[in-house]
Amino acid sequence: MNEVLKQGSATTASRIYEMLRQDLLDGRYAAGERLSIALLRETYQVGLSPLREALNRLAAYGLLRQENQRGFRVLELSRDELADITEMRRQLEGKALELAVKHGDEEWESQLLAANHRLSKVCAHTPVVEWEQLHSRFHNALVAPCGSVWLLRFISQLHDQFDRYRRVAPRAQELRHQLDAQHQELVDLALARNASGARELLEEHITLSSEVAQKSCR
């Protein structure tokens, strides 16, 4: 019985972790905001134990800061931190893309084409949540066959940190059009097996996206 209860609590904690993670990335909680445990329990309809487990995991992941005896606080937004995240993304994703171009097979090509096709069909009326999902799937597909689980894990965490800034930044439509056009260019270079050209463009793409994200920093 105790084992069943533990498994149920762990499942609940994982569910709350994912819900809170998404809400933090979407800017539901303001940068620097101290989170109220009582309010979180009410909002997510969860007990104290799985909630604390989820919050501890989010702090370890880098989306919250745990304060001694004072609970948890949303991380502030910093230009210096964003610059650091951007540079790490450039280096790690650039390397991953080079490896993906080298190792990717026909199945990867098909998945990359499909992900880009779905993303390109997005219109002005598409919900932001749907665009975010399609955008993430495209970038994940781009580097998927790099051959390193750890590299992909680090890239995923950097994406989440980067998105904390980008998702709360004001819309920059002109830059958005340029970034969208680069998605097709990245596919073309990857399929042509132009590893160096693809890496160079991806690094440019990340830098350009960071110009949008910087607008979240006051």
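To keep things clear, this report deals only with the structure shown in the data block.

Scoring rules and cut-offs
- Residues numbered from 1 in each chain as written.
- Predicted model: local features only at pLDDT ≥ 70, side-chain atom pairs only at ≥ 80, totals over all residues.
- Heavy atoms only, no water.
- Helix = DSSP H or I, 4+ residues; strand = E, 2+ residues; numbered from the N terminus.
- Rg over C-alpha atoms; globule rule 2.2 N^0.38 Å.
- Buried < 20%, exposed > 50% of the residue type's maximum accessible area, 1.4 Å probe, protein only.
- Contact = heavy atoms within 4.5 Å.
- Areas by Shrake-Rupley, 256 points an atom, 1.4 Å probe, with all protein chains shown as cover.
- Lys, Arg positive; Asp, Glu negative; His and termini not counted.
- Charge placed at Lys NZ, Arg CZ, Asp CG, Glu CD.
- Phe/Tyr/Trp six-rings, centres within 6.5 Å; stacked < 30°, edge-to-face > 60°.
- Lys NZ or Arg CZ within 6 Å of the ring centre and 35° of its normal.
- Axes fitted to C-alpha atoms, helices over the stretch in contact; angles between N-to-C directions.
- Parallel < 35°, antiparallel > 145°, perpendicular 65-115°, else oblique.
- Nonpolar A, V, L, I, M, F, W, Y, C, P; charged D, E, K, R; others polar.
- 1 Å grid on protein atoms, 1.4 Å probe; cavity = no way out; pocket = protein on both sides within 12 Å on 5 of 7 lines; lining within 4 Å.
- Points joined across faces, edges and corners; volume = space filled by probe spheres on them.

**Considering the overall build of the chain**
Along the backbone of the chain there are nine helices and three strands. Taken against the 2.2 N^0.38 rule, which gives 17 Å for 218 residues, the C-alpha radius of gyration of the chain at 19 Å falls within 12% of a compact globule. The C-alpha extent of the chain, read off along each of the three principal axes, is 55 × 45 × 35 Å. Out of the 218 residues belonging to the chain, those deemed buried represent 43%. Counting contacts in the chain only where the partners sit at least 6 residues apart, residues at least 24 apart contribute 74% of the total. By element, 50% of the accessible surface of the chain is carried by carbon and sulfur atoms, the whole surface being about 12,200 Å². A gap of 6 Å separates the mean positions of the 29 positive and 31 negative side-chain charges of the chain.

**Points about the packing of aromatic side chains**
Inspection of every chain in the model, using the stated rule, returns one aromatic pair. Here the aromatic rings of Trp150 and Phe154 are separated by 5.7 Å at their centres, their planes lie at 40°, and the arrangement is tilted. One end of the pair is Trp150 and the other is Phe154, both in helix 7 (residues 149-166) and four residues apart, which spans about a single turn. By relative accessible area, Phe154 is classed as partly exposed at 42%. The aromatic ring of Phe162 is capped on one face by Arg89, whose charged end is 4.6 Å from the ring centroid. Here the basic side chain of Arg153 rests over the ring of Trp150, its NZ or CZ set 4.4 Å away from the ring centre.

**So, the packing of helix 4 (residues 79-103) against helix 6 (residues 128-143)**
Closest axis-to-axis distance for the helix 4/helix 6 pair is 7 Å, and the angle between their directions is 60°. Taken together, the axes of helix 4 and helix 6 lie oblique to each other. Between helix 4 and helix 6, the residues in contact are Glu93, Ala96, Leu97 and Ala100 and His139, Leu142 and Val143, respectively. When the residues that make up the contact of helix 4 with helix 6 are grouped by side-chain class, the tally is five nonpolar, one polar and one charged.

**Let's talk about the layout of surface pockets**
What the largest pocket holds in volume is close to 640 Å³. Sorting the residues of the lining of the largest pocket by element identifies helix 5 (106-120), helix 6 and helix 8 (173-191) as the ones contributing at least two each. Partitioned by chemical class, the residues of the lining of the largest pocket number 11 nonpolar, seven polar and seven charged. For the second largest pocket, the calculated volume is near 300 Å³. Looking at the lining of the second largest pocket, the elements with two or more residues in it are helix 1 (2-25), helix 6 and helix 7. Among the elements that line the lining of the second largest pocket, the one with the most residues is helix 6, at six residues. Split into classes, the residues belonging to the lining of the second largest pocket amount to two nonpolar, six polar and seven charged.

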